[in-house]
Amino acid sequence: MLVKGGYPGSSFFDYLRTEHAELLPKFDLDISAGRELIKQALTGTTVLALKCENGVVMAGDRRATEGHQIAGRYIEKVHKADEHSAIAIAGAAGPCLELARLFQIELEHYEKLEGVELSLEGKANKLSQMVRANLSLALQGLMIIPIFVGYEPVKRESRIYKYDVTGGRYEEREYYATGSGGTAARNSMKKLYRKGLAQELALRVALEAMYDASEEDAGTAPPDLVHDIFPSLKTVSDSGFQEVSSNDVKTICLEILSQRREV
């Protein structure tokens, strides 16, 4: 398809870079300005994904930090990409949220122009290109490190992709976690994860891992019983993208806390 300026293709992101680069975020800063921007950036994250019997579960805490201060308690870090995929973001909050929104538009734009959904492999590759385009920002310390998951209805299988700051894309077969509390969350899932977990048990494993991460990492928020703030929990399966209700998340978290008090 030919769009404004003669750009052929169905990629909204490539169209912006080619025809309207001024609309994309720019961070051409000198060293001192870059350091000041990094100080003001909101960070602190744990996000994870694990496969279950009929899809994949994603979770993320809700805290954002600014240095040693808590700057936000309600940040959403797990986002719907399209009907059968989702993205979880770790790193500097502003650029991460920008990337998540742009990726959603990218997939919607492709589907409207082509009349079909981009393949899961194609979605993962496109996200890789978008992360790579952020490299100059990452070199200043404002990193974006996403986890991307998707479900293929025809093959009836789910897939988990992780990325590095250069846009390198790698597939994980069972589970993965990243962010400031990622190591603790991965260690937790290593003990609790089993292949073919029922979705109900996978939700429990995800929240156990999030709680373990919060005990080891100051940037990861534990369940907040006073303000009723709990990790966000999403699923992607043959039923599409779904958000686990806050009441269900709260119930599981209370069970975990009660069990740990008894130990």
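Here, the structure is the one placed above.
Calculation rules
- Each chain carries its own residue numbering, running from 1 in the direction its sequence is written.
- Local features are withheld for residues below a pLDDT of 70 in this predicted model, meaning they are given only at 70 or higher, and side-chain atom pairs are given and counted only at 80 or more; totals for whole chains, interfaces and linings count all residues.
- Based on all heavy atoms of the structure, the side-chain values leave hydrogens and waters out of the count.
- In this text, helices come from DSSP runs of H or I with a minimum length of four residues, and strands from runs of E with a minimum of two, each type numbered from the N-terminal end.
- Relative accessibility thresholds used throughout: buried, under 20% of the residue-type maximum; exposed, over 50%; partly exposed, between the two (1.4 Å probe, protein chains only).
- Contacts: residue pairs with any heavy atoms within 4.5 Å of one another.
- Strand pairing is assigned whenever DSSP detects at least two bridges linking the two strands.
- Only the contacting stretch of a helix is used when fitting its axis, a line to C-alpha atoms as for every element, and angles between N-to-C directions run 0 to 180 degrees.
- Angle categories are assigned with fixed cut-offs, so that under 35 degrees is roughly parallel, over 145 is roughly antiparallel, 65 to 115 is roughly perpendicular, and the rest are oblique.
- Definitions for this section: a left-handed crossing has its near helix turned counterclockwise from the far helix by less than a right angle. A right-handed crossing has that turn clockwise.
- Under the scheme applied, nonpolar residues are Ala, Val, Leu, Ile, Met, Phe, Trp, Tyr, Cys and Pro; charged residues are Asp, Glu, Lys and Arg; polar residues are all the others, including Gly.
- Definitions used throughout: a 1 Å grid over protein atoms alone; a cavity as a set of points that fits a 1.4 Å probe which cannot get out; a pocket as an open set with protein on both sides within 12 Å along at least five of seven lines; a lining residue as one with an atom within 4 Å of a point.
- Grid points are joined across faces, edges and corners, and a volume is the space filled by probe spheres set on the points.

## Here we look at the overall build of the protein
Thinking step 1. Regarding its fold elements, the protein presents eight helices and 12 strands.
Thinking step 2. Residues counted as buried form 50% of the 263 residues belonging to the protein.
Thinking step 3. Across the protein, contacts joining residues at least 24 apart in sequence account for 63% of those joining residues at least 6 apart.

## Some points on the sheet that holds strand E6 (residues 85-91)
Thinking step 1. Strands sit in the order E5-E6-E7-E8-E9 across an open sheet of five strands; the sheet is antiparallel. Where the open sheet ends on each side, the last strands, each with one partner, are strand E5 (78-82) and strand E9 (169-172). Going across the sheet, the axis of each strand differs from the next one's by a mean of 25°, ignoring polarity.
Thinking step 2. Taken together, the six bridges between strand E7 (residues 144-152) and strand E8 (residues 157-163) define a ladder with antiparallel strand orientation. Its bridge partner being in E8, Val 149 is matched across the sheet by Ile 160.
Thinking step 3. Helix H3 (residues 93-114) rests against E5, E6 and E7 of the sheet, and its axis sits at about 160° to E6.
Thinking step 4. Taken strand by strand, helix H4 (residues 120-132) contacts E5, E6, E7, E8 and E9, and its axis lies near 170° from that of E7.

## Observations concerning the side chain of Thr 235
Thinking step 1. Tracing the sequence through the fold places Thr 235 in strand E11 (residues 232-237).
Thinking step 2. With residues up to four places along the chain from it excluded, the contact list for Thr 235 reads Val 56, Val 57, Gln 199, Leu 203, Gly 240, Phe 241, Gln 242 and Val 244.

## Comments concerning the packing of helix H6 (residues 182-192) against helix H7 (residues 199-216)
Thinking step 1. Contact geometry of H6 with H7 gives a least axis separation of 8 Å together with a crossing angle of 140°. As the angle between them shows, H6 and H7 are arranged oblique. In the packing of H6 onto H7, the handedness of the crossing is right-handed. Of the residues in H7, those touching H6 at Ala 184, Ala 185, Ser 188, Met 189 and Leu 192 are Val 205, Glu 208, Ala 209, Asp 212, Ala 213 and Glu 216.
Thinking step 2. Considering only residue class, the contact of H6 with H7 consists of seven nonpolar, one polar and three charged.

## A word on empty space enclosed by the protein
Thinking step 1. Going through the model one piece at a time under the given rule, you end up with two cavities of 30 Å³ or more.
Thinking step 2. Counted as a void, the second largest cavity has a volume near 50 Å³.
Thinking step 3. Residue lining of the second largest cavity: Leu 207, Met 210, Tyr 211, Ala 221, Pro 222, Pro 223, Pro 231, Cys 253, Ile 256 and Leu 257, and that is the complete set.
Thinking step 4. At the level of secondary structure, the elements contributing two or more residues to the lining of the second largest cavity comprise H7 and helix H8 (246-262).

## Here's the deal with the pairing of E5
Every other side chain in a regular strand lies on the same face of the sheet, so the side chains alternate between the two faces.
Thinking step 1. Across the five residues that make up E5, a large majority, four, are buried.
Thinking step 2. Relative to E6, E5 runs antiparallel, the two sharing four bridges. Bridge pairing links Val 78 to Ala 88 in E6.
Thinking step 3. From the end of E5 to the start of E6, which pair antiparallel, there are two residues.

## Here's the deal with the pairing of strand E1 (residues 46-52)
Thinking step 1. With seven of seven residues buried, E1 is to be regarded as a mostly interior element.
Thinking step 2. The alternating pattern of E1 places Thr 46, Leu 48, Leu 50 and Cys 52 on one face and Val 47, Ala 49 and Lys 51 on the opposite face, and all of these are buried.
Thinking step 3. In this structure, E1 lies alongside strand E10 (residues 175-179), joined through five bridges in antiparallel fashion. Bridged to Ala 49 within E10 is Tyr 176.
Thinking step 4. Taken together, the six bridges between E1 and strand E2 (residues 55-60) define a ladder with antiparallel strand orientation. Looking across to E2, one finds that Lys 51 is bridged to Val 56.
Thinking step 5. Counting the residues in the hairpin turn of E1 and E2 gives two residues.

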